[in-house]
Amino acid sequence: MKKLLLSIFILTTLTNSQNTNETIKYTNFPLPTAIFPVEYDLNITTYLPGYNWKADERNMSYLGSVSIRMEVRQEMDKIVLHSSNLTIIDAKVINSDNNLEIKSWTINDSNQFLILSLNKIVNPGENLEVFITFGGYLREDRKGYYITKSTKPTGEPMINAVTQFEATSARFMVPCFDEPQFKATWQVKLTYPTGAVGLTNTIDMESIEDGDFTSTTYKRTVKMSSYLLAIFVGDVQFKETTTKRGLRIRVYADPKNIESVDMALNASRLAVDGFEELFGIDFPMEKIDFVSVFDFEAGAMENWGLIIHRAELILGTDKEIVEVVIHELAHQWFGNLVTMKYWYQTWLNEGFATFMTAIGQTFIDGNFSQDTFHISQQEEARLKDRYRPLRSVAFDKDGSVTIQSIYYSKGSSFIRMLEKIVGTLNFYEAMRNYLSQNMYSNVKEDYLYSALEAVWKTNTNNETTLSISEFAECWTNQNSYPTVFATRTPEGVVLTQNREAPIEKNYTNYDEWGYKWDIPIWYQVAGEGSHELVWFKKDQYELEIRTEKTIIVNAESYGYYDVIYDDVSYQSIARELENNPTLYSMSTKLRLLLDLESNAYTQMIAPHSLVLIANALRNDEFPIVQEYAQTILKTTEFMINRLNEQNNEDLKIIKGFSTNTSKVLRKFYSNPSEQFGDYFKRNFKSDKEFCETLRNERNEEVTNQLVDWLNTNDSSGRKHIMGFLMFCAKNKDKVRGLVFDPSFDWTALEKSRNIQFLKILNRRNIYETREFRKFPSNEEYISRKTIIRIES
Ligand SMILES: [Zn+2]
């Protein structure tokens with residue numbers, strides 16, 4: 001699945017973290033593992049309005065029947081499935097001896113179970129078949145089987161039906177074993193009003209029209225998890241292409257928008273060709289369909305062979321469309337073919353789909369920079385890396401699961417470290433093995449680590465004792481990320497790592513791992529064009545690199561950690577960057593700037609170092625580095641002017657950078673115009689409530705009203721309104737548009753202020769203050785000190 005918050009390029013438009021109210025509720029109701037499904041036969045009749053049949057009381061409902069052939073693995077006297085909010089009409093069971101019946105069935109709402117109690121105990125090896133008939137109304141909450149609205153070219157409204165099952169909503173449409181590890185095949189038959197299009201994961205085999213309704217039977221799927229089943233019924237058209245080896249790809253959209261699917265169609269063709277070659281495994285079914293829908297909770301969903309997209313992420317020519325298409329296609333291997341054992345491993349799905357999006361984009365655009373993509377994932381992860389570890393699940397009270405945004409960017413950034421530790425060629429060889437060894441089954445993290453270790457050790461004759469699973473534990477089981485301190489001594493550079501955890505509201509600590517990490521240190525010595533890797537283990541007190549030369553830590557930005565140097569080191573790095581600029585890569589320089597900026601804002605370093613390095617890079621050969629360095633310098637200058645400081649000595653002024661930033665931001669709220677104030681008092685209890693209203697995407701009305709007011713209010717009112725729009729409106733792009741909209745009568749002063757505040761907004765989101773909770777000091781972790789000597 002692709003969350004709606006997309007990774008957007010770091011320097012321009014980082015948006016807010018979306019999970020500010022997460023709390024962890026450990027409620028989990030796993031199914032018993034005594035009985036496993038093998039094959040499902042599913043029939044669904046959907047009653048959609050807008051076609052020839054005369055809509056009656058069945059309108060907007062569906063009727064279903066499912067037969068599930070299953071195998072018994074342990075003695076059991078009941079069959080437990082998931083089912084929620086369904087009307088169960090009838091349930092029957094048969095076995096080969098014909099002596100089995102269902103005594104009674106119960107629906108347990110609190111854990112979403114349908115429990116079929118049997119008249120006798122069934123034994124391992126027995127095969128059973130259950131028949132259930134059921135029905136329900138099409139939902140309106142974008143979960144399970146639900147209504148999505150659209151408009152016909154004539155302007156009439158149109159209602160379609162679509163599914164969204166991940167994580168735990170298949171049970172809202174059909175009683176099933178709704179956990180990833182219960183893989184089975186599905187044969188689907190759909191009945192729908194004649195004239196509509198019916199789609200599911202596989203290609204259609206036979207259609208029979210019977211008056212007002214048509215029934216289509218589709219090919220049986222490969223073995224898959226229930227959350228990947230998908231259905232669409234409605235009024236759509238398609239455009240089609242085929243891959244090199246002849247795989248059919250279609251993009252479906254409403255008739256009005258069908259001409260806007262070419263970009264998605266071409267990107268998907270190239271991406272499938274590229275992934276099949278890279279992974280060495282062909283897509284295993286006969287077709288891939290994409291469908292555009294207007295009501296969709298996530299960005300898109302990777303249902304095997306039937307990928308559903310939110311309309312704006314498939315129609316048109318926006319760059320994000322390509323990214324989302326590739327993400328969903330990467331899932332066809334990472335997630336669909338090889339699936340997590342349970343929701344604890346969801347980060348494997350999302351981390352890999354995100355990671356593979358980088359290489360996937362190179363299939364379409366040979367100049368695409370994977371490095372920049374990975375850096376932007378690291379930045380997005382740092383924003384969100386507070387609340388929960390990668391290896392965690394967010395359960396609702398009823399046991400349903402929601403997918404967390406940290407799985408994507410941090411998952412990808414962690415996988416990037418694995419790639420760089422074992423080497424890119426080894427990494428992809430290991431990925432091919434991992435996929436082929438685990439296809440059609442489920443994996444835990446260890447399956448991945450042993451695939452990597454096997455290739456790494458074979459190909460490099462590596463005698464290292466480093467275990468990848470040991471390394472991975474501290475990265476996947478605790479939230480946050482390490483900060484490495486690099487201090488210059490007469491002999492060399494001494495590295496230490498922080499033993500502190502960030503303090504956040506609603507934040508749970510994962511103390512077991514002590515907030516220490518095994519850190520791969522990639523460093524580059526001055527005067528050399530390449531980098532080295534050494535390990536800073538979690539039980540080491542410090543790591544000393546003995547050299548008189550300047551070194552840059554986390555060269556190439558391979559590592560997911562912060563580096564903070566002392567003043568002397570920043571001065572020598574600045575000199576080095578000016579003297580030998582071509583020896584350092586774009587990634588190395590960007591990483592330096594990003595670490596500096598975040599730590600200057602949170603006052604972890606003296607902010608003049610930020611100015612020093614930004615200044616050294618202000619005319620850098622890489623446009624992106626140059627632009628970023630200049631933006632930093634301009635923002636700094638702006639802050640200085642804004643604060644009306646007469647004394648331009650940078651250290652003194654920027655010292656209060658972060659406090660003053662928030663002070664300036666608060667000024668926006670402190671002086672509302674009367675008109676605005678009246679409205680505000682009438683409608684909202686507090687700033688917070690107002691902000692929440694603006695953040696709610698559906699409340700366009702308030703946003704529009706504010707936009708109207710921008711032209712009618714006096715200057716202070718305009719300032720106040722714009723402030724609210726910038727900081728609270730969910731659709732920041734719309735607000736950004738306002739700043740540059742020529743129809744707005746901005747004064748020169750207002751315009752420049754708006755632009756400057758947009759910049760602050762971008763940065764503020766990155767660098768919300770980090771506070772730290774003290775953990776035991778370094779000394780308590782002393783076991784050994786490692787010294788690495790570099791011959792000069
Ligand atoms: Zn995904």
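Here is what the cut-offs are and how they apply
Residues numbered from 1 in each chain as written. Predicted model: local features only at pLDDT ≥ 70, side-chain atom pairs only at ≥ 80, totals over all residues. Heavy atoms only, no water. UniProt positions renumbered as here; feature names shortened; annotations may be inferred. Helix = DSSP H or I, 4+ residues; strand = E, 2+ residues; numbered from the N terminus. Buried < 20%, exposed > 50% of the residue type's maximum accessible area, 1.4 Å probe, protein only. Contact = heavy atoms within 4.5 Å. Areas by Shrake-Rupley, 256 points an atom, 1.4 Å probe, with all protein chains shown as cover. Expected span 1.5 Å × (residues − 1). Core = buried A, V, L, I, M, F, W, Y, C linked by side-chain atoms within 4.5 Å. Pairing = 2+ DSSP bridges. Donors = N, O, S within 2.8 Å, 3.2 Å for Na, K, Ca; no water. Axes fitted to C-alpha atoms, helices over the stretch in contact; angles between N-to-C directions. Phe/Tyr/Trp six-rings, centres within 6.5 Å; stacked < 30°, edge-to-face > 60°. Lys NZ or Arg CZ within 6 Å of the ring centre and 35° of its normal. Salt bridge = Lys/Arg side-chain N within 4 Å of Asp/Glu carboxyl O. pLDDT = per-residue confidence, 0-100.

An unreviewed UniProt entry annotates the protein as Aminopeptidase of Caenorhabditis briggsae. The UniProt entry for the protein carries the following comment under Sequence similarities (unreviewed entry): "Belongs to the peptidase M1 family." UniProt annotates the protein under Subcellular location (unreviewed entry) with the comment "Membrane".

**Q** Got a minute to help me understand the overall build of the protein in this structure?
**A** In terms of helices and strands, the protein carries 20 helices and 33 strands. The buried share of the protein, reckoned over its 792 residues, is 61%. Relative to all contacts within the protein whose residues are 6 or more apart in sequence, the contacts with residues 24 or more apart total 72%. Summed over all atoms, the accessible surface of the protein reaches about 31200 Å², with 47% contributed by carbon and sulfur.

**Q** Sorry, what's going on with helix α6 (residues 424-438) here?
**A** Every α-helical turn comprises 3.6 residues, leaving residues that sit three or four positions apart pointing alike. An ideal rise of 1.5 Å per residue puts 21 Å on 15 residues; α6 measures up with 21 Å between its terminal C-alpha atoms. One or two residues past the end of α6 sits Y440, with phi positive at roughly 65°.

**Q** Sorry if this is basic, but what is going on with the nonpolar core here?
**A** Counting 209 residues, the largest nonpolar core has I79, M356 and I521 as its most contacted members. Ignoring anything within four residues of it in the chain, the contact list for M356 reads F275, F279, I326, A330, F334, F427, Y428 and M431.

**Q** Any chance you could explain the pairing of strand β28 (residues 532-536) here in plain terms?
**A** Every regular strand shows the same layout, with side chains that alternate between the two sheet faces. Here strand β27 (residues 519-525) runs beside β28; their pairing, made up of 5 bridges, is antiparallel. In the strand pairing of β28, P520 is matched with W535. Once β27 ends, the chain turns through 6 residues before running back antiparallel as β28, passing G527 with a positive phi of about 90°.

**Q** Is there a simple way to explain the coordination of the zinc ion in this structure?
**A** The reference angle at a metal is 109.5 degrees if four donors form a tetrahedron and 90 or 180 degrees if six donors form an octahedron. At 1.9 to 2.5 Å from the zinc ion lie its protein donor atoms, namely M1 (N), M1 (O), H327 (NE2), H331 (NE2) and E350 (OE). Look at M1 and you get buried, because its relative accessible area is 7%.

**Q** Sorry if this is basic, but what is going on with the sheet that holds β27 here?
**A** Paired through backbone hydrogen bonds, the strands of a sheet run either parallel or antiparallel to each other. With antiparallel pairing, the 3 strands of this open sheet are ordered in space as β28-β27-β30. The open sheet has two edge strands with one neighbour each: β28 and β30 (551-553). For this sheet the average axis-to-axis angle between neighbouring strands, irrespective of direction, equals 35°. As paired elements, β27 and β30 share 3 bridges and run antiparallel to each other. For Q524, the partnering residue across the bridge sits in β30 and is I552. Sheet strands in contact with helix α5 (residues 406-422) are β27 and β28, and its direction is about 60° off that of β27.

**Q** So what exactly am I meant to see when it comes to unusual backbone geometry here?
**A** If a residue is not glycine, its phi is most likely negative; likewise, a peptide bond is most likely trans. Of note, the bond from E166 into A167 is cis; its omega dihedral lies within 30 degrees of zero at 5°. For A167, the position within the fold is in the loop between β9 (157-164) and β10 (185-193). You will see that E556, though not glycine, has its phi angle at about 70°, which is positive. Looking at where E556 falls in the secondary structure, it is placed in the loop between β30 and β31 (562-565). A residue is classified by how much of its surface remains accessible, and E556, at 14% relative accessible area, is buried.

**Q** It is not clear to me how the packing of aromatic side chains should be interpreted in this structure. Could you clarify?
**A** Here the distance between the centres and the angle between the planes together describe a pair of aromatic rings. For the structure shown, the criterion picks out 31 aromatic pairs. Seen from their ring centres, F427 and Y428 are 5.1 Å apart, and the 85° between their planes marks the pair as edge-to-face. With a relative accessible area of 0%, F427 lands in the buried category. Taken together, the ring pairs connect F275, F279, W333, F334, F352, F363 and Y434 into an aromatic cluster. The ring of F172 has R139 lying over it, and the distance from NZ or CZ to the ring centre is 3.9 Å. Taking the ring centre of F238 as reference, the NZ or CZ of R250 above it sits at 3.8 Å.

**Q** Quick question: what am I supposed to make of the pattern of salt bridges here?
**A** Proximity of charged atoms lets side chains of opposite charge pair with each other. As enumerated under the stated definition, the model contains 34 salt bridges in all. Look at the salt bridges and you will find they share partners, linking E39, D41, R69, E129 and R220 into a network.

**Q** What exactly am I supposed to notice about the side chain of E179 here?
**A** Counting through the fold element by element, E179 comes out in the loop between β9 and β10. Residues in contact with E179, not counting those within four places in the same chain, are F29, P30, L31, H82, S226 and Y342.

**Q** Explain the confidence of the model for the protein here, please?
**A** Interpreting fine coordinate detail is not advised for predicted regions of low pLDDT. Per-residue pLDDT for the protein has a mean of 83; in total, 75% of the residues score no lower than 70. In this model residues 5-26 is a low-confidence stretch, pLDDT under 50, and it forms 65 contacts with partners more than four residues away in sequence or in other chains. Predicted confidence is poor over residues 763-783, with pLDDT under 50, and the contacts of this stretch with residues over four places away or in other chains come to 71 contacts.

**Q** How should helix α4 (residues 370-384) be read in this particular structure?
**A** An ideal rise of 1.5 Å per residue puts 21 Å on 15 residues; α4 measures up with 21 Å between its terminal C-alpha atoms. Burial analysis of α4 places 13 of its 15 residues in the buried class, the great majority of the element.

**Q** Sorry if this is basic, but what is going on with the sheet that holds strand β15 (residues 237-242) here?
**A** Spatially, 5 strands are ordered β15-β16-β17-β19-β18 in an open sheet, and the strand pairing comes out mixed. Strand pairing shows two members of the sheet lacking a second neighbour, β15 and β18 (300-301), which therefore form its edges. Judged from the 5 bridges that link them, strand β17 (residues 287-293) and strand β19 (residues 306-310) form a sheet pairing that is parallel. Looking across to β19, one finds that V291 is bridged to I308. Across the sheet, helix α1 (residues 262-279) touches β15, β16 (248-253) and β17, and the angle it forms with β16 is around 155°. Lying on the sheet, helix α2 (residues 319-331) is in contact with β17, β18 and β19; it crosses β19 at an angle near 150°.

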